Amino acid sequence: MSLNDLFTEIILDHYQHPHNHGLIPNPTYSSRGFNESCGDDVQVSVLIKNGIIADARFSGAGCSISQASASIMTDLVKGKSIEEAKKLASRFYDMVKGTEGEYGEEMGDAISLQGVAKFPVRVKCATLGWHTLEEAFAKNDGPNSSEETK
Amino acid sequence: MSLNDLFTEIILDHYQHPHNHGLIPNPTYSSRGFNESCGDDVQVSVLIKNGIIADARFSGAGCSISQASASIMTDLVKGKSIEEAKKLASRFYDMVKGTEGEYGEEMGDAISLQGVAKFPVRVKCATLGWHTLEEAFAKNDGPNSSEETK
Amino acid sequence: MRSDIKNDFPIFANWREKGKPLIYLDSAATTQKPARVIDAVSEYYSRYNANVHRGTYELSQLATDLYENSRTAVARFINAERAESIVFTRNATESLNLIAYAWGLNNLKKGDEVILSDMEHHSNLVPWHIISRHTGAVLKFIRMNSDFQLDLQSLKDNIGPRTKVVSVVHVSNVLGTINPVKEICRLAHEAGAIAIVDGAQSAPHMPVDVREIGCDFYALSGHKMCGPTGIGALYARYELLERMEPFLGGGEMINEVFPTTSNYAKPPYKFEAGTPNIAGAVGLKAAVEYLEAVGLKEVEEHEIALGDYAARRLAEIEGVRIFRPKTTGTGVVSFTVENVHPHDISTILDSEGVAIRAGHHCAQPLMRKLQVQSTARASFYIYNDKSDVEVLASALEKGIALFRPRKKADVTK
Amino acid sequence: MRSDIKNDFPIFANWREKGKPLIYLDSAATTQKPARVIDAVSEYYSRYNANVHRGTYELSQLATDLYENSRTAVARFINAERAESIVFTRNATESLNLIAYAWGLNNLKKGDEVILSDMEHHSNLVPWHIISRHTGAVLKFIRMNSDFQLDLQSLKDNIGPRTKVVSVVHVSNVLGTINPVKEICRLAHEAGAIAIVDGAQSAPHMPVDVREIGCDFYALSGHKMCGPTGIGALYARYELLERMEPFLGGGEMINEVFPTTSNYAKPPYKFEAGTPNIAGAVGLKAAVEYLEAVGLKEVEEHEIALGDYAARRLAEIEGVRIFRPKTTGTGVVSFTVENVHPHDISTILDSEGVAIRAGHHCAQPLMRKLQVQSTARASFYIYNDKSDVEVLASALEKGIALFRPRKKADVTK
Ligand SMILES: Cc1ncc(COP(=O)(O)O)c(C=O)c1O
Ligand SMILES: Cc1ncc(COP(=O)(O)O)c(C=O)c1O
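Residues numbered from 1 in each chain as written. Chains lettered and ligands numbered in written order. Predicted model: local features only at pLDDT ≥ 70, side-chain atom pairs only at ≥ 80, totals over all residues. Heavy atoms only, no water.

### Some remarks on unusual backbone geometry
Residues and elements named next belong to chain C.
- The amide bond that connects Pro 267 to the next residue, Pro 268, takes the cis arrangement and shows omega of 0 degrees.
- With respect to the secondary-structure elements, Pro 268 resides in the loop between strand 10 (262–264) and helix 10 (278–294).
- At Asn 79, a residue that is not glycine, the phi angle is positive and equals roughly 55 degrees.
- By the secondary structure assignment, Asn 79 is in the loop between helix 3 (58–77) and strand 2 (86–89). (Helix = DSSP H or I, 4+ residues; strand = E, 2+ residues; numbered from the N terminus.)

### Brief notes about the interface of chain A and chain D
- In this assembly, 29 residues from chain A lie in contact with 23 residues from chain D.
- Buried area between chain A and chain D, summed over both chains or domains, comes out near 2,100 Å², and the portion from carbon and sulfur atoms is 56%.
- Viewed at the interface, chain D and chain A are joined by 1 salt bridge.
- Ionic pairing is found between Arg 122 of chain A and Asp 344 of chain D, a salt bridge with its closest N-O pair at 2.7 Å. (Contact = heavy atoms within 4.5 Å. Buried area = accessible area lost by both parts, 1.4 Å probe. Salt bridge = Lys/Arg side-chain N within 4 Å of Asp/Glu carboxyl O.)

### Regarding the arrangement of the chains
- The assembly contains 5 pairs of chains in contact; the pair sharing the most contacts is chains C and D.
- There is a gap between chain A and chain B: no contact, and a shortest C-alpha distance of 45 Å.

### As for the interface of chain C and chain D
- Counting from both sides, the interface comprises 97 residues of chain C and, opposite them, 97 residues of chain D.
- For the pairing of chain C and chain D, the buried interface totals around 7,700 Å² over both sides, and the portion due to carbon and sulfur atoms is 54%.
- At the junction of chain C with chain D, the criterion picks out 4 salt bridges.
- Arg 90 of chain D is paired through a salt bridge with Glu 94 of chain C; the nearest N and O atoms lie 2.7 Å apart.
- Along the contact surface separating chain C from chain D lie 50 residue pairs in polar contact (both at pLDDT 80 or more).
- Of all the elements, helix 2 (residues 35–48) of chain C adds the most residues to the side of chain C that touches chain D, at 7 residues. (Polar contact = N/O pair within 3.5 Å; in protein donor to acceptor, adjacent residues only side chain to side chain.)

### Topic: the sheet that holds strand 5 (residues 163–169) of chain D
Residue and element names in this part refer to chain D.
- Spatially, the 7 strands line up as an open sheet ordered 2-8-7-6-5-3-4, and their pairing is mixed. Two strands close off the open sheet at either side, each with one partner strand: strand 2 (86–89) and strand 4 (138–142). Recorded for the sheet is a direction-independent mean angle of 20 degrees between the axes of neighbouring strands.
- Of the strand pairs in this sheet, strand 3 (residues 113–117) and strand 5 are connected by 3 bridges, and their pairing is parallel. Within strand 5, the residue paired with Glu 113 across the bridge is Thr 163.
- In the packing of helix 4 (residues 92–107) onto the sheet, contacts are made with strand 2, strand 5, strand 6 (194–198), strand 7 (217–221) and strand 8 (232–236), and the angle to strand 7 comes to roughly 150 degrees.
- Docked against the sheet, helix 7 (residues 181–190) engages strand 5 and strand 6, running at close to 155 degrees with respect to strand 6. (Pairing = 2+ DSSP bridges. Axes fitted to C-alpha atoms, helices over the stretch in contact; angles between N-to-C directions.)

### Digging into the site of ligand 1
- The environment of ligand 1 is formed by 15 residues, the closest being Thr 93, Asp 198, Ser 221, His 223 and Lys 224 of chain D.
- Neighbouring residues of ligand 1 are not confined to a single chain but are spread across chains C and D.
- At 2.7 Å, a side-chain N or O of Thr 275 of chain C approaches an oxygen atom of ligand 1.
- A distance of 2.5 Å separates a nitrogen atom of ligand 1 from a polar atom in the side chain of Asp 198 of chain D. (Near = heavy atom within 4 Å.)

### Side note on the domain arrangement of chain C
All names here are of chain C.
- Once the domains are mapped, chain C shows domain 1 (5–25 + 295–403) and domain 2 (37–293).
- Each of domain 1 and domain 2 has a C-alpha centre, and these two points are 28 Å apart.
- Summed over both sides, the interface of domain 1 with domain 2 buries roughly 2,600 Å², with 61% coming from carbon and sulfur.
- Contact with domain 2 buries area across many residues of domain 1, yet Leu 296, Leu 366 and Tyr 381 alone supply 23% of it, more than any other trio.
- Our count for the contact surface shared by domain 1 and domain 2 stands at 2 salt bridges.
- One salt bridge connects Asp 118 with Lys 369, and the closest N-O pair in it is separated by 3.8 Å.
- Across the domain 1-domain 2 interface, the total number found is 14 residue pairs in polar contact (both at pLDDT 80 or more).
- Residue assignment for the side of domain 1 that touches domain 2 shows that the elements contributing at least two residues are helix 11 (296–315), strand 11 (320–323), strand 12 (332–337) and helix 13 (364–370).
- Here the element with the most residues in the side of domain 1 that touches domain 2 is helix 13; it accounts for 6 residues. (Domains from an automatic or database assignment.)

### Quick notes on the site of ligand 2
- Not every one of the 15 residues close to ligand 2 is listed here, only the nearest: Thr 93, Asp 198, Ser 221, His 223 and Lys 224 of chain C.
- At the site occupied by ligand 2, the surrounding residues belong to chains C and D.
- At a separation of 2.6 Å, an oxygen atom of ligand 2 approaches a polar side-chain atom of His 223 of chain C.
- Burial of ligand 2 by the surrounding chains reaches 95%, relative to a free accessible area of 390 Å².
- Class assignment of the residues belonging to the shell around ligand 2 gives a composition of 3 nonpolar, 10 polar and 2 charged. (Areas by Shrake-Rupley, 256 points an atom, 1.4 Å probe, with all protein chains shown as cover. Nonpolar A, V, L, I, M, F, W, Y, C, P; charged D, E, K, R; others polar.)

### Regarding the confidence of the model for chain A
Residue and element names in this part refer to chain A.
- For chain A, per-residue confidence averages 89 on the pLDDT scale, and 91% of positions sit at 70 or higher.
- The secondary structure element of chain A with the lowest average pLDDT is helix 6 (residues 145–148), at 38, and the one with the highest is helix 3 (residues 64–77), at 96.
- Counting interchain partners and residues more than four positions distant, the pLDDT-below-50 stretch residues 145–150 has 7 contacts. (pLDDT = per-residue confidence, 0-100.)

### A closer look at the pattern of salt bridges
Residue and element names in this part refer to chain C.
- Throughout the structure, instances matching the rule amount to 76 salt bridges over all chains.
- In this structure, the salt-bridge partner of Asp 118 is Arg 143, at a minimum N-O distance of 2.9 Å. With Asp 118 in the loop between strand 3 (113–117) and helix 5 (126–135) and Arg 143 in the loop between strand 4 (138–142) and helix 6 (152–158), this pair connects stretches of sequence that are 25 residues apart.
- By relative accessible area, which is 6% here, Asp 118 ends up buried.
- The salt bridge involving Lys 297 is made with Glu 300; its shortest N-O contact spans 2.9 Å. Here Lys 297 and its partner Glu 300 are both found in helix 11, 3 residues apart, which amounts to about one turn of the helix.
- Looking at Glu 300, the relative accessible area reads 13%, which means it is buried.
- A cluster of three or more residues bridged by salt bridges with shared partners is formed by Arg 313, Glu 316, Glu 390 and Glu 397. (Buried < 20%, exposed > 50% of the residue type's maximum accessible area, 1.4 Å probe, protein only.)

### As for helix 2 of chain C
- Here helix 2 of chain C is 14 residues long and its end C-alpha atoms lie 19 Å apart, about the 20 Å a rise of 1.5 Å per residue gives.
- Elements that come into contact with the buried residues of helix 2 of chain C comprise helix 1 (10–16), helix 3 and helix 10 of chain C together with helix 1 (10–16) and helix 2 (35–48) of chain D. (Expected span 1.5 Å × (residues − 1).)

### What to know about the side chain of Asn 20 of chain A
Residue and element names in this part refer to chain A.
- Inspection of the secondary structure assignment puts Asn 20 in the loop between helix 2 (9–16) and strand 1 (29–35).
- Side chain to side chain, Asn 20 and Lys 78 meet in a polar contact 2.6 Å long.
- Excluding residues that lie within four positions of it along the chain, Asn 20 makes contacts with Ala 56, Arg 57, Phe 58, Ser 71, Thr 74, Asp 75 and Lys 78.

### Observations regarding the packing of helix 10 of chain C against helix 11 of chain C
Residue and element names in this part refer to chain C.
- Contact geometry for helix 10 and helix 11: axes closest at 5 Å, N-to-C directions at 75 degrees. Of the possible angle classes, the one that applies to helix 10 and helix 11 is roughly perpendicular. Across the interface between the two elements, Leu 291, Glu 292 and Val 294 from helix 10 touch Leu 296, Glu 298 and Val 299 from helix 11. (Parallel < 35°, antiparallel > 145°, perpendicular 65-115°, else oblique.)

### Overview of helix 5 of chain C
Residue and element names in this part refer to chain C.
- In terms of burial, helix 5 is a largely internal element, 8 of the 10 residues being buried.
- Within the span of helix 5, buried status applies to Val 126, Pro 127, Trp 128, His 129, Ile 130, Ile 131, Ser 132 and Thr 135.
- Just downstream of helix 5, Gly 136 is the residue with a positive phi angle, here 85 degrees.

### Quick look at the sheet that holds strand 2 (residues 40–49) of chain B
Residues and elements named next belong to chain B.
- Spatially, the 3 strands line up as an open sheet ordered 1-2-3, and their pairing is antiparallel. In the strand order of this sheet, the two ends are held by strand 1 (29–35) and strand 3 (52–61), each with one partner. Averaged over neighbouring strand pairs, the angle between their axes works out to 15 degrees when direction is ignored.
- Relative to strand 3, strand 2 is paired through 9 bridges, and the arrangement is antiparallel. Looking at the pairing, Asp 41 lines up with Ala 61 of strand 3.
- Against the sheet, helix 3 (residues 64–77) contacts strand 2 and strand 3, and its axis sits at roughly 170 degrees relative to strand 3.

### Points about the nonpolar core
- With 172 residues, the main nonpolar core has Tyr 218, Leu 370 and Ile 382 of chain C together with Ile 78, Tyr 218, Leu 370 and Ile 382 of chain D as its most contacted residues.
- Leaving out residues up to four positions away in the same chain, Ile 382 of chain D has contacts with Met 1, Ile 5, Phe 9, Cys 226, Tyr 290, Leu 291, Val 299 and His 302 of chain D.
- Counting residues in each nonpolar core, the second largest holds 79 residues, with Phe 247 and Met 253 of chain C together with Val 165 and Phe 217 of chain D among its members. (Core = buried A, V, L, I, M, F, W, Y, C linked by side-chain atoms within 4.5 Å.)

### Focus on the relation of the copies chain C and chain D
- For these two chains of identical sequence, chain C goes onto chain D by a turn of 180 degrees and a shift of 0.0 Å along the axis, with RMSD 0.0 Å. Such a combination of rotation and displacement between the chain copies is what one expects of a two-fold axis. Of every C-alpha in chain C, the one belonging to Gly 230 of chain C sits nearest the axis of rotation, 3.1 Å from it.
- Comparing interface residues between copies, 100% of those in chain C also sit at the interface in chain D, which points to an isologous, same-surface contact. (Least-squares fit on C-alpha atoms with pLDDT ≥ 70 in both.)

And the structure:
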């Protein structure tokens, strides 16, 4: 259980230089998530075009794991359908909870979060962005009105 | 710790044939007391004439100890001043709580409650009548209006 | 029941050292604790103690896991649909107050009706007195018939569009009556009311399935089911918890707090303000597992058999009157004895090592219905057997002899 | 402080078995438990377990005596005028909610004012949010100055005839600030308001005298002072308790119950509905006695010395910022580190066996005042010493090195 398994170079890089940081002005879906255990706060917004995630961004503040994971996530889901993104989320949960399995190419930089499985207290940080994305998709009121009016 | 120390003949006699049972129609002082631990319920009423307890009665329902003790008490306090009655109450508490001391003549039949000291759960029963008497005396509103108007 | 089951409970051996065996017949008030539960609590403090949920280190994560595993165990024990339907409280009383305050205070209006029953424990009466005082809601009662059973017709007659809550005790702590809660919940729901079951006396004593019962809320106490004091649970349908306002405010139950407003965490956390009784929850899990190992069906059968036997045996004694339904009794046997007050009975029995309860059993309105001030109550559990009933019966006979009516003696002036 | 005091707490030896010593620096969240407390709880269950108050047999009387003796011990611990001024609760949170509900809901009216402070724990905020929603009372705040101390002038400016309640934390769980509660209570009383002190972080750490402070209410948690989880206390001036409406309704707290009304027992029983955490109270008594034996003055001096030392040592590390008043700090040291999030600090320290807390510490409004999202917090207690500070400091230096800012790497596409 070495710290280097958790705070990998890739994680620290995403943390210090996050990708897709900010919010989409008229997102199709958006949501805000809290990590009750340490106060992490993440907002995720997504733009859908022709059934495909055309843009995904996040903002907020929090620990290296939550921020790096959200950064990686926004990279990963772009160009995917909602269904594909959800499938990836579920694969991701499996990985960080330490479920046996092959986690390969399709995980992209997220593979660098595999070490989280050895730090149970940090699982919630790693999954915060993904849960928030799923909540955005699941909101009862469907796509944000912004999409409706477009 | 024999049962015969507690349920003495005198107690059982007072229980089965209580003295001064009932209520005084226009009492100087009266109060009602509950024993929260077993539901005993005692009402005590007292008539003062010329600074002396001219009459004392009790009613209610409860266990042998609470009823016998109240019966004995009403016998004892008649003819005494309020101060004397209070002094007796305090002697009585000492006795049933097992405080060392000589408890003689002045206790009358109450001496038969000495065995209560060996049954801590029953102390509250034995003191209920006396506490109710003291509460009657202590009531903020002073003597009942019935005395006032007499 | 295993004949050596008493050995699981250290208190019996420890008490015997004092001279006489303990015949503990007050399990409806609180049960004794098996070593397994006592040890689970000690072990928690000696190995895993830390605050839960907000911890960011391993020890705290271990404590959190132990606490949450207990929730899962309680959910399984009463067949709740999910662990998050379980809110930890201090006891059944707090569980019932939680509903009355968090649901009642925010949802009841003047003229709304709350239906309780003639055989409720004070814990399912007084909270509604308080809430009805604040809201103007009206209380009504399902009547009890002469066989100490609830008269469902009186529910049907009273229930209607104004009924917002029906809350009843599953098993009476005085009579042992098992009430038809499934049918009562069905009637409540038909009328659009919420249905609450006070399970303080059912969870410890029989298999309970809250989904089969169909209740919205179910309250239980850990200390009455071999668990520690200070821990209880409220089961609730999760959607109800989501819609409800919180009860106590404080740490753990919030999402965001601003100086003058706050928004709340998801249930069950929304209802668990402040540091919970973590060791209590750990002990409750051990208790649940212990009872599951014994088998709840077996517990139930053992108790009913003992209750039946005791009721028969005591009824043979002259002057004894039993308050127990003819067919649906449990291990609770309330009785009175002519000319001997229940409190005196209890002292007499205590001198023989037999612990029973005497009093109103926190059910004064029921006492008035029974037209008694108090009763004596023997309540049996897994560690009791027929020999306990024999000791009880013969001690009782002895006491009755002591109190035989006598003429006015001349010892008093 | 005795150098072998760690041996009183079994968790340290047990944890060491796992490989590395436990440097427990989260005592403001909950303290570890001495063997004496753990054993008192076990012994209670193994020898004296029965329900309290209504018992009519010896075992129940023993349990009742143990429970009531604990009340006496807690009263002595904070120098309450009488044992009946102590109400047992689950924790400080419930104590504060009890006041808010039982006093606040029944006495506050639209436009009445409740004064809190900038450094309150959520437990002294959220209950007032709930009650102000129900009553229309308005919340105001005593401001904090730049040395992390309360600015009494802002209290004087705000207090007035509409002020009905002033409720403040005695010692801040984030800053360690000791607030001038005696002066605050005096100002409250001058204005005719009731004065409440949240003592969750003072009772465990210094001699407390509620009569000297002059407060009307004082709340504490057992688990923060070497006691069990699930037991806390509310001190109140007895006359206030007498005048107050009850909070939870149920068994034990009543005198007479009728179907639709009830009247109540005397305080403190009026406020203790249902079966209490008896074992918790027994353990709390053992904790109180343990702390009295150590000496509260000694506890206080030890903690302040350690807090001062740690604050100095950590401030030497580059990028560390300390949130602690210059003169009146305690054993609580909150800090942040440039470029390293508190949660990451906690993980780094945990890997060296050092348990600290990271987060908002249930004080989000205070975090906003401090303009941080969260802090790391080391909180010291009797079983900590300077060597713990050294391990903390060097682990922190290691972590900071790991997180040194780097250029955008090419490992990411
Ligand atoms: C200042 C303060 N008040 C109240 C509380 C609440 O204590 P508990 O969670 O034991 O109810 C705490 C504990 O974190 C605290 O530090
Ligand atoms: C039927 C019933 N309901 C509620 C309660 C209250 O339980 P507790 O005192 O554990 O809150 C009891 C316990 O006496 C009970 O028998």
